[in-house]
Amino acid sequence: MTQVSAAVYIDSPIRAAAKQMVPFYHQGVFHSIRTPMLMRKRIGNGFGLAQAKRFAGVDIRMVDGQTAKKLPVKRGGAVFYGFNSQGNLHTVANRSYRHVLVLHGESNKRASARPAARLYDHVCLAGGLALDRYLRAGIFRESDADTDRLIRVGDTFVQSLEGYRVDPEHGDSLLYAPTWEGYGGEINNYCSIGIGGLEMARRAAWLRGCEHIVVRPHPYLGLLKPGLIRQFIEGLRAVSLKWPVSVDLRDANAAVRAAVQALALVNPRIGVYAQDSARIALCVSDISAIEAICLKERLPNFTLLRNFNVTSAVKPFYDRKSAGCMGELDEKLPAYLSDPEDVDAAHREASFSVSHPDFRSSDGATRFQRLMSIVAPLV
């Protein structure tokens with residue numbers, strides 16, 4: 001296998017993991033050939049014998065366990081990790097190249113600041129809120145930011161909201177994007193489906209004057225708690241009695257896809273979402289990467305809180321644009337919608353900041369070159 005100066009490495013049994021990194025190729029941060037995606041062969045990841053074949057325009061190269069210990073990356077080069085997974089331990093042990101944790105989005109979840117991040121030579125952060133999470137958890141110190149072990153890269157590794165037309169002023173649809181149940185037990189379960197999230201989304205649609213609801217389930221929904229899929233379907237059925245609903249199944253797992261398609265066959269008020277068919281005026285989401293995506297896209301976003309301790313860093317924003325129950329939503333959402341940019345501008349500034357001016361460039365390649373100059377200056 002030909003050696004490269006940089007590569008993206010993924011060790012996951014779930015095919016959707018690769019798809020979550022594809023947007024950074026589309027945005028030009030990673031190059032489809034010069035920065036291949038190296039994916040560890042795992043039962044269930046869906047690639048089988050697809051070594052060296054392309055997936056969504058990206059060069060996917062399957063690697064076995066032995067190759068993972070010595071990846072085809074030049075000495076002094078860099079390996080970028082979109083997931084802080086346990087399987088990375090075998091790869092990070094090779095010190096002939098640099099190891100950079102970028103994750104696959106910006107989120108206030110506990111999982112976004114795990115102690116295992118200290119295994120990597122560098123960690124890319126979106127900005128001040130991410131830095132606060134690591135410092136508050138005692139995982140890093142401020143000196144790590146001063147020496148570029150922690151690199152603030154703004155929205156470089158924040159995905160775009162593909163497949164929707166963002167129209168805050170004239171849009172007629174609301175996007176509801178619940179997260180999944182999360183690893184690590186109930187403390188990491190931020191999913192609003194179990195606390196009436198669909199009904200709160202319907203209420204938000206009414207308050208905003210939206211005529212249609214688009215639901216975008218997380219790719220891992222029901223992975224650990226299959227009962228959540230049943231609750232999801234029940235919620236869809238209940239909401240559809242009052243509001244037309246379409247479900248975006250592009251990234252949905254097989255179980256969710258089958259359940260929704262079966263429901264749509266017998267319920268004419270529930271459909272399967274067609275890409276770019278909705279003009280989105282407001283997004284209602286859980287604690288997840290969707291929040292940062294909406295900030296990047298200038299789309300008003302209201303957050304449903306479950307199992308989340310509101311810290312002082314995010315309190316100024318969540319005090320005005322979040323709710324844990326219907327009563328709070330009725331109280332806060334109208335005030336937020338009267339001038340969403342008033343709070344979103346400050347939220348955006350806190351979420352996205354940069355260590356170097358090049359990370360503000362509209363050109364993804366310029367951002368990547370700056371990043372490489374920091375993490376692998378000699379390659």
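These numbers were taken from a predicted model, which means no experiment stands behind them.

Student: Kindly report on the pattern of salt bridges, identifying the contributing residues and their values.
Tutor: What the rule picks out here adds up to 22 salt bridges. Residues D59 and R61 are paired through a salt bridge, measuring 3.1 Å at the closest nitrogen-oxygen approach. Comparing D59 with R61 shows no difference in burial state: the two are buried. Linking E106 and R133 is a salt bridge whose minimum nitrogen-to-oxygen distance equals 2.9 Å. With E106 in the loop between β6 (98–101) and β7 (122–125) and R133 in helix α5 (residues 128–136), this pair connects stretches of sequence that are 27 residues apart. For E106, a relative accessible area of 9% translates into the label buried. A network of salt bridges, in which partner residues are shared, links R95, R98 and D121.

Student: Describe in detail the pairing of β7, supporting the description with residues and values.
Tutor: Covered by surrounding structure in β7 are H122 and C124 together with V123 and L125, the residues of both alternating faces. Bridge count between β6 and β7: two bridges; the pairing is parallel. Its bridge partner being in β7, V100 is matched across the sheet by H122. As defined by bridge partners, β7 adjoins strand β8 (residues 150–152) across three bridges and the pair is classed as parallel. In the sheet register, L125 faces β8, and the bridge partner there is R152.

Student: I'd like to hear about helix α7 (residues 197–208), residue by residue, with values.
Tutor: Here α7 contains twelve residues, and its C-alpha end-to-end distance of 16 Å stays within 8% of the 16 Å for a straight helix at 1.5 Å per residue. Among the residues making up α7, those that are buried are G197, L198, M200, A201, R202, A204, A205 and R208. Each element contacted by the buried residues of α7 is listed here: β10 (173–177), β11 (212–215), α8 (227–240), β14 (279–286), β15 (301–304) and α12 (326–338).

Student: Before we move on, can you summarise the packing of α7 against α8 with the specific residues and values?
Tutor: Packing of α7 against α8 leaves a shortest axis separation of 9 Å and a crossing angle of 30°. Looking at the two axes, α7 sits roughly parallel to α8. The interaxial crossing formed by α7 with α8 has right-handed handedness. Where α7 abuts α8, its residues L198, E199 and R202 lie against F232, G235, L236 and V239. A breakdown of the residues in the contact of α7 with α8 according to their chemical character gives four nonpolar, one polar and two charged.

Student: Please set out the side chain of N301 residue by residue, giving values where relevant.
Tutor: The topology assignment puts N301 in strand β15. For N301, the side chain forms a polar contact with the side chain of S285, separated by 3.2 Å. In contact with N301, not counting residues within four places along its chain, are L282, C283, V284, S285, E291, C294, K321, Y336 and D344.

Student: Account for the layout of surface pockets, naming residues and giving values.
Tutor: Here the second largest pocket is characterised by a volume of approximately 480 Å³. Looking at the second largest pocket, it is lined by 20 residues, and the ones nearest its centre are N108, K109, R110, A113 and R133.

How each quantity is defined
- Residues numbered from 1 in each chain as written.
- Predicted model: local features only at pLDDT ≥ 70, side-chain atom pairs only at ≥ 80, totals over all residues.
- Heavy atoms only, no water.
- Salt bridge = Lys/Arg side-chain N within 4 Å of Asp/Glu carboxyl O.
- Buried < 20%, exposed > 50% of the residue type's maximum accessible area, 1.4 Å probe, protein only.
- Helix = DSSP H or I, 4+ residues; strand = E, 2+ residues; numbered from the N terminus.
- Pairing = 2+ DSSP bridges.
- Expected span 1.5 Å × (residues − 1).
- Contact = heavy atoms within 4.5 Å.
- Axes fitted to C-alpha atoms, helices over the stretch in contact; angles between N-to-C directions.
- Parallel < 35°, antiparallel > 145°, perpendicular 65-115°, else oblique.
- Left-handed = near helix turned anticlockwise from the far one by under 90°.
- Nonpolar A, V, L, I, M, F, W, Y, C, P; charged D, E, K, R; others polar.
- Polar contact = N/O pair within 3.5 Å; in protein donor to acceptor, adjacent residues only side chain to side chain.
- 1 Å grid on protein atoms, 1.4 Å probe; cavity = no way out; pocket = protein on both sides within 12 Å on 5 of 7 lines; lining within 4 Å.
- Points joined across faces, edges and corners; volume = space filled by probe spheres on them.

Functional significance is not addressed by these values, which are geometric in nature.
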